[in-house]
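Per-entry structural report
As a plain string of letters, each chain reads:
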Amino acid sequence: MSGLDLLSTYASDSEEDEINDNSKSEENSKRLPLPRSITSWKGVPHHEEVDDNPLQHEGRVRSFKHERGNWATLIYIDYEPSEDMLSWMFSVLGEVPVKCNIFSEQFHISLSRTLILKFHWIESFVEETKKLCEQTDQFNLELLNVRAYTNEEKTRTFLGIECIDCKGVLGHFVKNVNKLLAEYDLPAFYEDSSYHVSFLWCLGNELSVLDDQARFLTIKLNQFLIEHAEARYINVNKIYLKIGNKLYVFKLR
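About the thresholds
Residues numbered from 1 in each chain as written. Predicted model: local features only at pLDDT ≥ 70, side-chain atom pairs only at ≥ 80, totals over all residues. Heavy atoms only, no water. Buried < 20%, exposed > 50% of the residue type's maximum accessible area, 1.4 Å probe, protein only. Helix = DSSP H or I, 4+ residues; strand = E, 2+ residues; numbered from the N terminus. Arc of directions from axis to C-beta. Contact = heavy atoms within 4.5 Å. Salt bridge = Lys/Arg side-chain N within 4 Å of Asp/Glu carboxyl O. Pairing = 2+ DSSP bridges. Axes fitted to C-alpha atoms, helices over the stretch in contact; angles between N-to-C directions. Core = buried A, V, L, I, M, F, W, Y, C linked by side-chain atoms within 4.5 Å.

**Thoughts on helix α3 (residues 83-92)**
Of the positions making up α3, those classed as buried are Met85, Trp88, Met89 and Val92. Angular distribution of buried residues about the axis of α3 spans 100 degrees; they occupy a single face of the element. Buried residues along α3 sit against β2 (101-102), β5 (139-150), β6 (156-164), β7 (196-203) and α6 (207-227).

**As for the pattern of salt bridges**
Here the idea is simple: oppositely charged side chains can pair when their charged atoms come close. Within the structure shown, the criterion is met by 6 salt bridges. Measuring nitrogen to oxygen at the nearest pair gives 3.7 Å for the salt bridge that ties Glu128 to Lys131. With Glu128 and Lys131 both in helix α4 (residues 122-134) and 3 residues apart, this pair spans about one turn of that helix. Taking the relative accessible area as the measure of exposure, Glu128 reaches 29% and is therefore partly exposed. Where Arg147 meets Glu162, a salt bridge forms, and the shortest distance between an N and an O atom there is 3.3 Å. Of this pair, Arg147 sits in strand β5 while Glu162 sits in strand β6, and the two are 15 residues apart along the sequence.

**Some points on the sheet that holds β7**
Read from one edge of the open sheet, 5 strands run β2-β7-β6-β5-β8, paired in antiparallel fashion. The outermost strands of the open sheet, each flanked by one partner alone, are β2 and β8 (233-236). Sheet topology places β5 next to β6; 8 bridges connect them, and they run antiparallel. Note that in β6 the partner of Tyr149 across the bridge is Phe158. Together, β2, β5, β6 and β7 form the strand contacts of α3, whose direction differs from that of β7 by roughly 30 degrees. Here α6 sits on the sheet and contacts β5, β6 and β7; the angle it forms with β5, its principal contact strand, is near 150 degrees.

**Examining the pairing of β7**
Remark: a regular strand shows side chains that alternate across the two faces of the sheet. Counting buried positions along β7 yields 7 of 8 residues, so the element is predominantly enclosed. With 2 bridges connecting them, β2 and β7 associate as antiparallel partners. In the sheet register, Ile102 faces β7, and the bridge partner there is Leu200. Taken together, the 7 bridges between β6 and β7 define a ladder with antiparallel strand orientation. Bridging across to β7, Phe158 finds its partner in Trp201.

**What to know about the nonpolar core**
With 61 residues, the main nonpolar core has Met85, Trp88, Leu111 and Leu159 as its most contacted residues. Looking at this core, the element that brings in the most residues is helix α5 (residues 169-183), giving 7 residues. Ignoring any residue separated from it by four or fewer positions in sequence, one finds Leu111 in contact with Ile75, Tyr76, Ile77, Leu170, Phe173, Val174, Phe189, Tyr195 and Ile239.

Structure, rendered in structure tokens:
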């Protein structure tokens, strides 16, 4: 067979193979149609943006943007006022010249700023906080006077009852917490920290207005505490750590 004949034979064989392959592909596509369940699939967002609408939170504005992987964290002391103390707090609503709201949240004494904790830090942070609590003695806080406060953004103003620990246990504990926060490159508690129980709040910066009322309200508070001596002290035997929607409670020594 000549070279031209071989070339002709090779070309015809290749064409036949190509035709056969195409016919097989067509048969396969007819034999295995794409399921409707798959063709109807639609993409969905992997992570939806959280819409923080102030109208849904009595006008309050989030201090920092909600981001996936960031967990709002707070270390605090829980405070449960007696019915008499709660009645006194409500009575203050009629004493202030601006529209205020009683705290609908849990009454507490903050021992840290509101922190942003990364997910992979949580386990070790919880363990280290627990160790600090196990090394700290129980103590008492004494309620002293009424003071006005604002948040860092000046978007809300508060009235709080200031309290102190005469033995210095609380100050030592917060100092150790600040050392722990430094290891995570997180901000320490305020240098001029004033431990207090916030009980009233209003929108905006009304510090000058509420500060003028604080002296009068302190006199009123002290009169109340003379009549209700049992309400003057808070026994602290637990520390609370809230991370996102998780709550950890640690007993003191």
